[in-house]
Amino acid sequence: WPVLIAQLAWFMHWKKFLIDKLIMEIRILKTKDISKSYIDTINHNGTKKFITFSKKLKKKINKTDLISYIKNTPINEKLYGIFENNTHKANFKLTITYNKIFIGFLVFLKYQGTGLIKKSFSKILKLKELKNAKSNKLYLGVNSKNKNAIRLYIALGFKKVSRSNKYMYLRFKN
């Protein structure tokens, strides 16, 4: 028994170590990153109503649409992918205007509710676009019906913009 207990303790130590050492990568999104999971998520009825790009096209979005979207991203916008152990699990977009920075998230369906944004948010705040920004406030738009997103954003430190039920902001150090 003592040997079995020691082996179990060793296994639990390494399991915790491996879980703690998940490799989180945040990088500019490339067209080669477009996956079935990305396409399925952006076309899902529960997602589509909250994503401006999906609502604008008013049709089922395909890989060609997403390639065009990525290739034609305006200069003041940056599209990022969030990868965990080389698996593309989410995207976010930074839109930088003269005095404001906006962020929007898209977590792929099978990774929603896994804490992915919470786990990656500190890395997001370290991006050079935010470090070099003229503003120290990060804004996001959120539909008041999207209660899960609102809970997440509050947990990350976002506050509601006064006189708005759509926008939230976070003051950060840059």
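Above this text is the structure in question.
Keep in mind that what you see is a predicted model, and the values were worked out from it rather than measured. (Residues numbered from 1 in each chain as written. Predicted model: local features only at pLDDT ≥ 70, side-chain atom pairs only at ≥ 80, totals over all residues. Heavy atoms only, no water.)

We now examine the layout of surface pockets. Size it by volume and the largest pocket reaches roughly 1,500 Å³. Taken together, 46 residues line the largest pocket, and the ones lying closest to its centre are Phe50, Ile51, Gly104, Phe105 and Tyr153. At six residues, strand β4 (residues 101-107) tops the list of elements feeding residues into the lining of the largest pocket. A breakdown of the residues in the lining of the largest pocket according to their chemical character gives 24 nonpolar, 15 polar and seven charged. (1 Å grid on protein atoms, 1.4 Å probe; cavity = no way out; pocket = protein on both sides within 12 Å on 5 of 7 lines; lining within 4 Å. Points joined across faces, edges and corners; volume = space filled by probe spheres on them. Helix = DSSP H or I, 4+ residues; strand = E, 2+ residues; numbered from the N terminus. Nonpolar A, V, L, I, M, F, W, Y, C, P; charged D, E, K, R; others polar.)

Where burial is concerned, most of strand β3 (residues 87-96) is hidden: seven out of the ten residues are buried. Here strand β2 (residues 77-84) folds back onto β3 in antiparallel fashion, the turn holding two residues, of which asparagine 85 has a positive phi close to 50°. In this structure, β3 lies alongside β4, joined through seven bridges in antiparallel fashion. Following the sheet pairing, isoleucine 96 is matched in β4 by isoleucine 101. Between β3 and β4, which pair antiparallel one after the other, the connecting turn spans four residues. (Buried < 20%, exposed > 50% of the residue type's maximum accessible area, 1.4 Å probe, protein only. Pairing = 2+ DSSP bridges.)

Right, let's talk about the packing of aromatic side chains for a bit. For any pair of aromatic rings, the description rests on two quantities: the centre-to-centre distance and the angle between the ring planes. By the definition in use, this model includes ten aromatic pairs. Their ring planes at 65° and their centres at 6.3 Å tell us that phenylalanine 102 and tyrosine 167 sit as a pair that is edge-to-face. Of this pair, phenylalanine 102 sits in strand β4 while tyrosine 167 is found in strand β7 (residues 167-171), placing the two residues 65 residues apart along the sequence. The interplanar angle of 55° and the centroid separation of 5.9 Å between the aromatic rings of phenylalanine 121 and phenylalanine 158 together place this pair among those described as tilted. Here phenylalanine 121 is found in helix α6 (residues 116-125), whereas its partner phenylalanine 158 is found in the loop between α8 (147-156) and β6 (159-160), with 37 residues between them in sequence. Relative accessible area serves as the criterion here: at 5%, phenylalanine 121 is assigned to the buried category. What makes phenylalanine 158 buried here is its relative accessible area of 3%. Ring-pair connections join several aromatic residues into one group, and the members of that group are Tyr80, Phe92, Phe105, Phe121, Tyr153 and Phe158. The ring of tyrosine 139 has lysine 100 lying over it, and the distance from NZ or CZ to the ring centre is 4.9 Å. In this structure, lysine 137 packs its charged tip against the face of tyrosine 169, placed 4.7 Å from the ring centre. (Phe/Tyr/Trp six-rings, centres within 6.5 Å; stacked < 30°, edge-to-face > 60°. Lys NZ or Arg CZ within 6 Å of the ring centre and 35° of its normal.)

Right, let's talk about the nonpolar core for a bit. In this structure, Phe92, Ile124, Leu138 and Phe158 are the most contacted members of the largest nonpolar core, which totals 43 residues. Top element by residues in this core is β4. It accounts for five residues. Leave out the neighbours within four places in its chain, and phenylalanine 92 touches Ile26, Lys78, Leu79, Tyr80, Ile82, Ile103, Gly104, Phe105, Ile124 and Leu127. (Core = buried A, V, L, I, M, F, W, Y, C linked by side-chain atoms within 4.5 Å. Contact = heavy atoms within 4.5 Å.)

Nothing here speaks to function; it is all geometry.
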